[in-house]
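In case you want the letters, here they are:
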Amino acid sequence: MSSPTSPEAPQVRLAVVDDDPLVRAGLALMLGGAPGIDLVGECADGTEVAALVDRTHPDVVLMDIRMPVMDGLAATEELRRRAGAPEVIVLTTFHADEQVLRAIRAGAAGFVLKDTPPAQIVEAVLRVAAGEPVLSPAVTRRLMARAAGDPADERRSRRTRARQRFAELGEREQDVATAVGRGSSNAEIAATLHLSVATVKAHVSRILARLGLDNRVQIALLVHDAGLLHEDEDEARDGRLG
């Protein structure tokens, strides 16, 4: 099986959405000639995204958050409601935690910073096209901490809803979902739970389908909202985990 960056892998069709023409030109220069990527179109505002997608059929959309008429958050929410929607990577600045959380809850596959080195942006596009999120465990923890700062009654309500949804999963699916919430890769989950990587992938696919989620990052947010990671930490401190 070829990797996303191997010569045998198909070209990833990419569209860019940003209101700054200089940024779009820079991204086009950076990504247009990158191996494995076919830059198929661009537009300047969220209101133009639907038409762009209908016209160019991208696999991935690189979406700016701040745009004047329809911002990238609203555009992501609208786009991800469509059947067969492309994956979305949001372009942002690191301090915009609340906006990034909203984008991820809307179905974005992750984010990259506008000052990210070109090679890392290319890798992010290829990874998302291959079904992998582009949030590192460290960034995921930062966003989880931001969500944990919400008012207590809102956190309790979110925890109740998340636990009800988590209870819909089978026992093994719950194990896999919790591991995804910790930021573990498929290979790490397979080794920990003594499963094959293919079986882990199948479990992840079933979790997404059963809970109506878009990607692994949303699984991680659900696990966090349910308070399961904190329970793991408490049990580890008490020496109850084997």
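Residues numbered from 1 in each chain as written. Predicted model: local features only at pLDDT ≥ 70, side-chain atom pairs only at ≥ 80, totals over all residues. Heavy atoms only, no water.

J.: Got a minute to help me understand the overall build of the protein chain in this structure?
T.: Tallying secondary structure elements over the protein chain gives 12 helices and 5 strands in all. Across the protein chain, the fraction of contacts at a sequence separation of at least 24, relative to all contacts at a separation of at least 6, is 66%. Of the roughly 12000 Å² that the protein chain leaves accessible, carbon and sulfur atoms contribute 52%. (Helix = DSSP H or I, 4+ residues; strand = E, 2+ residues; numbered from the N terminus. Contact = heavy atoms within 4.5 Å. Areas by Shrake-Rupley, 256 points an atom, 1.4 Å probe, with all protein chains shown as cover.)

J.: Explain unusual backbone geometry here, please?
T.: Leaving glycine out, the prevailing phi sign among residues is negative, and the prevailing peptide bond configuration is trans. If you check the backbone angles, His-57 has positive phi at about 50° while not being a glycine. Since its relative accessible area comes to 55%, His-57 is described here as exposed. Positive phi outside glycine occurs at His-194, with the angle close to 60°. Here His-194 is to be found in the loop between α9 (186–193) and α10 (197–211). (Buried < 20%, exposed > 50% of the residue type's maximum accessible area, 1.4 Å probe, protein only.)

J.: I keep staring at the pairing of strand β1 (residues 12–17) and nothing clicks. Help me out?
T.: For a regular strand, side-chain orientation follows a simple rule: the groups alternate between the two sheet faces. Extensive coverage of β1 is indicated by the burial of 5 of its 6 residues. Relative to strand β2 (residues 37–43), β1 runs parallel, the two sharing 6 bridges. The residue bridging Val-12 from the neighbouring strand is Ile-37, located in β2. Once the chain exits β1 it traverses helix α1 (residues 21–31) before rejoining the sheet at β2, and the crossover so formed is right-handed. Pairing geometry for β1 and strand β3 (residues 60–64), over 4 bridges, is parallel. Residue pairing for β3: Val-17 is matched across the bridge by Met-63. (Pairing = 2+ DSSP bridges. Right-handed = clockwise from strand over helix to strand, strands pointing away.)

J.: Just to check I follow, could you spell out helix α7 (residues 152–166) for this structure?
T.: Note: α-helices contain 3.6 residues per turn, so residues at a spacing of three or four share the same orientation. If you check α7, its first and last C-alpha atoms are 20 Å apart, about what 15 residues at 1.5 Å a residue would give, namely 21 Å. Taken together, the buried positions of α7 are occupied by Arg-158, Ala-162 and Phe-166. Seen from one end, α7 has its buried residues packed into an arc of 70°, which puts them on one side. Turned more than 90 degrees away from the buried face of α7, the exposed residues are Asp-153, Arg-156 and Gln-164. (Expected span 1.5 Å × (residues − 1). Arc of directions from axis to C-beta.)

J.: Sorry, what's going on with the side chain of Asp-225 here?
T.: Position of Asp-225 relative to the elements: it lies in helix α11 (residues 216–225). Setting aside anything within four residues of it in sequence, one finds Asp-225 in contact with Arg-105, Arg-158, Arg-159 and Ala-162.

J.: Teacher, can you tell me more about the packing of α10 against α11 here?
T.: In helix packing, the relevant descriptors are the interaxial angle and the interaxial distance, both defined with respect to the helix axes. At a minimum axis separation of 10 Å, α10 and α11 run at an interaxial angle of 70°. One finds that α10 runs roughly perpendicular with respect to α11. For the pair α10 and α11, the contacting residues are Val-204, Ile-207, Leu-208 and Leu-211 in the first and Arg-216, Ile-219 and Leu-222 in the second. Of the residues assigned to the contact of α10 with α11, the class counts are 6 nonpolar, no polar and 1 charged. (Axes fitted to C-alpha atoms, helices over the stretch in contact; angles between N-to-C directions. Parallel < 35°, antiparallel > 145°, perpendicular 65-115°, else oblique. Nonpolar A, V, L, I, M, F, W, Y, C, P; charged D, E, K, R; others polar.)

J.: What am I meant to see in the environment of Met-70 here?
T.: Relative to the assigned elements, Met-70 resides in the loop between β3 and α3 (72–80). Sequence-wise, Met-70 and Thr-47 are 23 residues apart; in three dimensions their C-alpha atoms are separated by 5.6 Å. Ignoring sequence-local partners within four residues, the contact set of Met-70 consists of Asp-45, Gly-46, Thr-47, Ala-75 and Glu-78.

J.: Is there a simple way to explain empty space enclosed by the protein in this structure?
T.: Gaps left between atoms are located by rolling a probe of water-molecule size over the structure's atoms. Applying the stated criterion to the full structure yields 1 cavity of 30 Å³ or more. When residues in the lining of the largest cavity are grouped by element, the largest group, 3 residues, is from α3. Residue composition of the lining of the largest cavity, grouped by class: 4 nonpolar, 1 polar and 2 charged. (1 Å grid on protein atoms, 1.4 Å probe; cavity = no way out; pocket = protein on both sides within 12 Å on 5 of 7 lines; lining within 4 Å. Points joined across faces, edges and corners; volume = space filled by probe spheres on them.)

J.: Quick question: what am I supposed to make of the sheet that holds β2 here?
T.: Two pairing modes exist for strands in a sheet, parallel and antiparallel, and in both the strands are linked by backbone hydrogen bonds. Spatially, 5 strands are ordered β2-β1-β3-β4-β5 in an open sheet, and the strand pairing comes out parallel. What marks the edges here is a single partner per strand, and that holds for β2 and β5 (110–113). Strand after strand, the sheet turns through a mean of 25° between neighbouring axes, direction not considered. The sheet contact formed by β3 and strand β4 (residues 87–92) spans 5 bridges and is parallel. Looking at the pairing, Asp-64 lines up with Leu-91 of β4.

J.: Help me understand the packing of helix α8 (residues 171–181) against α11 in this model?
T.: In the contact formed by α8 and α11, the axes pass within 8 Å of each other and the chain directions differ by 100°. The angle between α8 and α11 falls in the class roughly perpendicular. Listed contacts from α11 to Ala-177, Thr-178, Val-180 and Gly-181 of α8 are Arg-216, Ile-219, Ala-220 and Val-223.

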